[in-house]
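Commentary on secondary and tertiary structure
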Amino acid sequence: MLKIKVVNKGHQPLPQYATEQSAGMDLRANLDAPVTLKPLERRLIPTGLHIALPAGYEAQVRPRSGLALKKGITVLNTPGTIDADYRGEIGVVLINLSQDEFVVEDGERIAQMVIARHEQSDFEEVEILDETERGEGGYGHTGVK
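Since the structure is predicted, the reported quantities are computational estimates derived from the model, not experimental observations.

A word on the overall build of the protein chain
Along its length, the protein chain carries one helix and eleven strands. Mapped from its N terminus to its C terminus, the protein chain presents α and β elements in the order β-β-β-β-β-β-α-β-β-β-β-β. Computed over the C-alpha atoms, the radius of gyration of the protein chain is 19 Å, more than 25% above the 15 Å expected from 2.2 N^0.38 for a compact globule of 145 residues. Each principal axis of the C-alpha distribution contributes one length, and for the protein chain these read about 55 × 40 × 30 Å.

Given below as structure tokens:
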């Protein structure tokens, strides 16, 4: 299992996997007072967590499906990327897409974080790309059924 160093400057427990095969760990709001999100309002919600990822890894911050479906609350820049060299506090950009106010409470599970391996690459400029069956088809070119 990959070891990740974490400094918890908040008062919430460290993220953990809910089940043996969970891909993401829940991130909790670390607040001194509740935060009210009005319809279409966005706010950066602190977690109190600072991490040091190994080179070649990123942390992706993603919405929680239950909050999205039941309350219309999602992560605005999803997935948000935390780079291996970032040492600041993990914040979650929440947006309220519902018609009702939503109150974010201290300790509430507001997002999930997935740790993923990634590659870096160099672009090589060429004059033409190889042909494929798909070609330039995109944005629904395969139809609806």
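Following the structure, the description resumes.
What about the nonpolar core?
Core analysis: the largest hydrophobic core is formed by 27 residues, its most contacted members being Ile45, Val92, Leu94, Val104, Ile110 and Met113. Elements represented by at least two residues in this core include exactly β2 (25–28), β3 (35–37), β5 (49–52), β6 (57–62), β7 (73–75), β9 (91–96), β10 (102–104) and β11 (109–117). Counting residues per element, this core draws most heavily on β11, at four residues.

Some thoughts on the sheet that holds strand β4 (residues 42–46)
Strand order in the open sheet made by the three strands is β4-β9-β7, with antiparallel pairing throughout. Since the sheet does not close on itself, it has two edges, and those belong to β4 and β7, each with one partner. Put simply, the sheet's adjacent strands are angled 35° from each other on average, direction ignored. Alignment of β7 against β9, held across three bridges, turns out to be antiparallel. Paired with threonine 74 across the strands is isoleucine 95, a residue of β9.

As for the sheet that holds β6
One open sheet holds the four strands; their spatial order is β2-β11-β6-β8, and the pairing between them is antiparallel. Of all strands in the sheet, those with a lone pairing partner are β2 and β8 (80–82), marking the two edges. Averaged over all neighbouring strand pairs, the angle between strand axes comes to 35°, with direction disregarded. Looking at chain direction, β6 and β11 are connected through six bridges and run antiparallel. Bridge assignment links arginine 62 to a residue of β11, and that residue is glutamine 112.

The rules behind each value
Note that residues are indexed from 1 along each chain, following the sequence as it is written. Owing to the predicted nature of the model, reporting of local features is limited to residues with pLDDT of at least 70; listing and counting of side-chain atom pairs is limited to 80 or more, with chain, interface and lining totals taken over all residues. As a rule here, side-chain values cover all heavy atoms of the structure and leave hydrogens and water aside. Put simply, DSSP marks the helices as runs of H or I at least four residues long and the strands as runs of E at least two long, and each gets a number from the N terminus on. We compute the radius of gyration over the C-alpha atoms and compare it with the globule rule, which gives 2.2 Å times the number of residues raised to the power 0.38. What we call a nonpolar core is a set of buried Ala, Val, Leu, Ile, Met, Phe, Trp, Tyr and Cys residues that are connected through their side-chain atoms within 4.5 Å. Accessible area is worked out with a 1.4 Å probe on protein chains only. A residue is then buried under 20% of its type maximum, exposed over 50%, and partly exposed in between. A pair of strands counts as paired when DSSP detects no fewer than two bridges linking them. Geometry is summarised by axes, namely lines fitted to C-alpha atoms with helices restricted to the contacting stretch, and by angles between N-to-C directions that run from 0 to 180 degrees.

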